[in-house]
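Observations on the three-dimensional arrangement
Below are the chains, spelled out letter by letter.
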Amino acid sequence: MEAKNKPQEARQLFLDAWNQATADFEKFIAAYYVTRHQHNAADKLKWIELTLLYALKINDDSVHSALPALYLNRAKCYEELGNHQEAKINYELATSPAAAPSDKGPFYHGTKAALQVGDLLTAGAKSNYKADLVMNHIYFTALVNGAGLAAALAKGDGAEHVYIVEPTASFENDPNVTDKKFPGNPTRSYRTTASLKIIGEVNNWVKQTPEQIQQWRQKLANNKGEIIN
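Sequence positions are assigned chain by chain, starting from 1 and proceeding in written order. Reporting of local features is limited, given that this is a predicted model, to residues whose pLDDT is at least 70; pairs of side-chain atoms are given and counted only at 80 or more, and all residues count toward the totals for whole chains, interfaces and linings. With hydrogens and water set aside, each side-chain value is computed from the structure's full complement of heavy atoms.

What about the overall build of the chain?
Under the scheme used here, helices are H or I runs from DSSP no shorter than 4 residues and strands are E runs no shorter than 2 residues, and both carry numbers assigned from the N terminus. From N to C terminus, the chain includes seven helices and seven strands. When the helices and strands of the chain are read in sequence order from the N terminus, they spell out α-α-α-α-α-β-β-β-α-β-β-β-β-α. Dimensions along the principal axes, computed over C-alpha positions, put the chain at roughly 60 × 35 × 35 Å. To sort residues, take the accessible area from a 1.4 Å probe on protein chains only and compare it with the maximum for the residue type: under 20% means buried, over 50% means exposed, and anything in between is partly exposed. Looking at the 229 residues of the chain, the share that counts as buried comes to 38%. In the chain, 71% of the contacts between residues at least 6 apart in sequence involve partners at least 24 apart. A total accessible area of about 13200 Å² is found for the chain, and carbon and sulfur atoms account for 53% of it. Charge assignment: positive for Lys and Arg, negative for Asp and Glu; neither His nor the chain ends contribute. Where a charge lies is defined by one atom per residue type, namely NZ (Lys), CZ (Arg), CG (Asp) and CD (Glu). Between the centroid of the 25 positive side chains of the chain and the centroid of its 25 negative side chains there is a distance of 4 Å. Contacts are assigned to residue pairs with any non-hydrogen atoms lying within 4.5 Å of each other. Only the protein chains shown count as cover for residues, with accessible areas throughout obtained via the Shrake-Rupley method and a probe of 1.4 Å.

Looking at the packing of aromatic side chains
Ring pairs are drawn from Phe, Tyr and Trp, using the six-membered ring of Trp, whenever the two centres fall within 6.5 Å, and their geometry is named by plane angle: stacked under 30 degrees, edge-to-face over 60, tilted for the rest. All chains considered together, the criterion is met by eleven aromatic pairs. Centre to centre, the rings of phenylalanine 14 and tyrosine 33 are 5.0 Å apart; their planes meet at 15 degrees, and the pair counts as stacked. Linking phenylalanine 14 in helix α1 (residues 7-20) with tyrosine 33 in helix α2 (residues 24-35), this pair joins segments that are 19 residues apart in sequence. Between the aromatic rings of phenylalanine 171 and tyrosine 190, the centroid separation amounts to 5.3 Å while the plane-to-plane angle is 70 degrees, which identifies the pairing as edge-to-face. Taken together, the residues span a long stretch of sequence, with phenylalanine 171 in the loop between β4 (161-167) and β5 (172-173) and tyrosine 190 in strand β6 (residues 189-192) at a distance of 19 residues.

What about the side chain of aspartate 103?
Within the element layout of this structure, aspartate 103 appears in the loop between α5 (84-94) and β1 (107-111). Looking at aspartate 103, its side chain comes within polar contact range of the side chain of arginine 188, at 2.8 Å. Setting aside anything within four residues of it in sequence, one finds aspartate 103 in contact with Asp61, Ala142, Phe171, Arg188 and Tyr190. By the criterion applied in these results, polar contacts are pairs of N or O atoms within 3.5 Å in which, for protein atoms, one can donate a hydrogen and the other can accept it, and in which residues neighboring in sequence qualify only through two side-chain atoms.

Topic: the nonpolar core
Soluble, globular proteins show a tendency: their nonpolar side chains are buried together. Among the buried residues, those of types Ala, Val, Leu, Ile, Met, Phe, Trp, Tyr and Cys that are joined through side-chain atoms within 4.5 Å form a nonpolar core. Trp18, Phe28 and Leu70 are the most contacted members of the largest nonpolar core, which has 26 residues in total. When residues of this core are assigned to their parent elements, the largest contribution, seven residues, is made by helix α3 (residues 41-58). Excluding residues within four positions of it along the chain, leucine 70 makes contact with Phe28, Tyr32, Ile48, Thr51, Leu52 and Ala55. Grouped together as the second largest cluster of nonpolar side chains are ten residues, Ile138, Phe140, Tyr163 and Ile198 included.

Regarding the pairing of β1
For β1, the tally of buried residues reaches five of five residues, placing the bulk of the element in the interior. Residues Phe107, His109 and Thr111 of β1 are buried on one face, and the alternating residues Tyr108 and Gly110, pointing to the opposite face, are buried as well.

Some thoughts on the environment of leucine 115
Along the chain, the position of leucine 115 falls in the loop between β1 and β2 (120-121). Put simply, leucine 115 and glycine 200 are 85 residues apart on the chain and 10.0 Å apart in space, counted from C-alpha to C-alpha. Excluding anything up to four places from it in sequence, leucine 115 contacts Leu121, Tyr163 and Ile198.

A short note on unusual backbone geometry
Here the amide bond leading from glycine 105 into proline 106 is cis, since omega sits at 5 degrees, within 30 degrees of zero. Locating proline 106 in the fold gives a position in the loop between α5 and β1. Look at asparagine 59: it is not a glycine, yet its phi comes out positive at around 50 degrees. Here asparagine 59 is to be found in the loop between α3 and α4 (67-80). Backbone geometry places arginine 188, a non-glycine residue, at a positive phi of 45 degrees. One can find arginine 188 in the loop between β5 and β6.

In structure tokens, the structure reads:
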């Protein structure tokens, strides 16, 4: 409804989602989107507080990267309401290192390349999703099924492999997904310019059907967003 420029319908659906939510993560997601459809600072602040309440209650790596934007928006609301002291506190919270990934893994990388324990995965390969783009980063995830999907979508005719990997240096949230369609990093997707060391391989993950893979390929083909390299 948002994409069709029907804000009233979208607002009602988000409220329905909030009213039907049971898990903390569902409440966090729903409150985040209800917030976007508030028209004054007081109402927006109320929903930001709810969003933050559940984000902090969840307290895991799927929501950490959403915190700076939430604090920033809360600061703006306080500023608009004339509470400059609270605005200052939240502006400071927004610039804290809360968005830096603290995920401890284990981490996975999906590919069709046949590799061995001890091999290093490095940046510089062509994108699986944009043929003329050479990637400056190597990507990985803490969700084994996400790596399995990446393996299924990877170029090549070989068997699908999901390797357990270890970052050899610092890494960051994948900006192609983080805070794009959902707040935070629910797919726990990361990237690094350093190497990933293969330390093992897994053989069990939830595999997509050929029909589902074709649907994913179609989605990627129709994607109008740019890959952040």
